[in-house]
Amino acid sequence: MKATLSRLLQATALFVVGCGPPIEPDGTPGALRAGGFVYCDPANHCGYSDPLPDGIAVGSVFELMFDDGDSGIVLSSANDDRLQTVTEQAPEGDATQFRAILPGPATVEARDSVDGELIDTITLALKSVVSLGSETCARSFNVIEDASYVFDPFDCAGTTIGTSGVTISRGSSLAPTVCVMPLGDSGTVLSGLLSGTFAASGDAQLEIHVDAEGRCATIGGLTLGDAKVKMTTGELDSTFTVRVVP
């Protein structure tokens, strides 16, 4: 009873302070408006001021946090057939990891870790991946050099790779980094991490440094010529041409 009363008083304080404007928690308000749900992208970039994504790729993993100005909150899926809770109970203040299983709406519940009281809920849109899109980032010095490095695609502001592919200079340290994005039926980029593998074939010999999440790779040219780079995730793949020039 004391925990419930505390939560009610806390929720009231969050949204009503005197006669001034409401003070809302970070993140996207839940259905009960008792706190904010915060989405964390694959590179652990948590957008406190950003809304939840419009679509999360089926087969991907992602993380959520809940902010209500207090601690002791446990997040879990209310639709286990569509959304799997990977982290059974995240450490205090940490994000909970989920895996999207099937397309459709899926609800995440925030409950008190002591008595299981329901604090708030949020419904996510899980969408099927129809195709993969490739984006190339600005060239820079040895972006992905260590296999344990996680490259953040949000720092990329990439350009979609066209039919002409990518042209690089042999031995240049200013190599492009390529990221592969899951696309929905309308061609929009879906959120969530889908790990994959990169493979090259053709006349040119390439060096490919894949980041720890298997989503992005820095590509360098060792010999002159053309090569095809294929990124595969699940049953989908995306192929683009790399031309190595002097």
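Residues numbered from 1 in each chain as written. Predicted model: local features only at pLDDT ≥ 70, side-chain atom pairs only at ≥ 80, totals over all residues. Heavy atoms only, no water.

This part covers the side chain of Thr-121. Counting through the fold element by element, Thr-121 comes out in strand S9 (residues 118–127). Given the relative accessible area of 16%, Thr-121 is considered buried. Setting aside anything within four residues of it in sequence, one finds Thr-121 in contact with Gly-30, Ala-31, Phe-37, Thr-107, Val-108 and Glu-109. (Helix = DSSP H or I, 4+ residues; strand = E, 2+ residues; numbered from the N terminus. Buried < 20%, exposed > 50% of the residue type's maximum accessible area, 1.4 Å probe, protein only. Contact = heavy atoms within 4.5 Å.)

Judged by pairing direction, the sheet is antiparallel, and its five strands sit side by side in the order S12-S10-S15-S18-S17 without closing on themselves. The sheet is open, and its two edges are formed by strand S12 (159–160) and strand S17 (206–210), each paired on a single side. Direction of pairing for S17 relative to strand S18 (residues 216–221): antiparallel, over a ladder of five bridges. Looking at S18, one finds that His-209 is bridged to Thr-218. (Pairing = 2+ DSSP bridges.)

All right, on to the state of the cysteines then. As enumerated under the stated definition, the model contains one disulfide in all. Covalently, Cys-179 is tied to Cys-216 through a disulfide, its sulfur atoms 2.1 Å apart. On the S-S bond that ties Cys-179 to Cys-216, the torsion sits near 110°, and the link is right-handed. Here Cys-179 is found in strand S15 (residues 177–183), whereas its partner Cys-216 is found in strand S18, with 37 residues between them in sequence. The pair Cys-179 / Cys-216 is uniform in exposure class, with both members buried. (Disulfide = S-S within 2.5 Å.)

Attention now goes to the sheet that holds strand S20 (residues 236–245). Overall, mixed pairing links the four strands, which are arranged S13-S20-S19-S16 in an open sheet. Only two strands of the sheet have a single neighbouring strand rather than two, namely strand S13 (166–169) and strand S16 (197–202). For this sheet the average axis-to-axis angle between neighbouring strands, irrespective of direction, equals 30°. Bridging between S16 and strand S19 (residues 225–233) involves six bridges; their strand directions are antiparallel. Note on S19: the bridge partner recorded for Thr-197 is Thr-232. (Axes fitted to C-alpha atoms, helices over the stretch in contact; angles between N-to-C directions.)

Before going further, it helps to spend a moment on the confidence of the model for the protein. Summarising the model, the protein shows a mean pLDDT of 80, and 81% of its residues fall at 70 or more. Between the elements of the protein, mean pLDDT differs from a low of 41, seen in helix H1 (residues 2–15), to a high of 95, seen in S9. Scored below 50 in pLDDT, residues 1–24 shows 28 contacts in the model against residues more than four places distant or in partner chains. (pLDDT = per-residue confidence, 0-100.)

A separate point is the side chain of Ser-191. Residue position: Ser-191 is located in the loop between S15 and S16. A relative accessible area of 19% means that Ser-191 is categorised as buried. If we ignore the near neighbours within four places in the chain, the residues touching Ser-191 are Tyr-39, Pro-53, Gly-55, Ile-56, Ala-57 and Ser-60.

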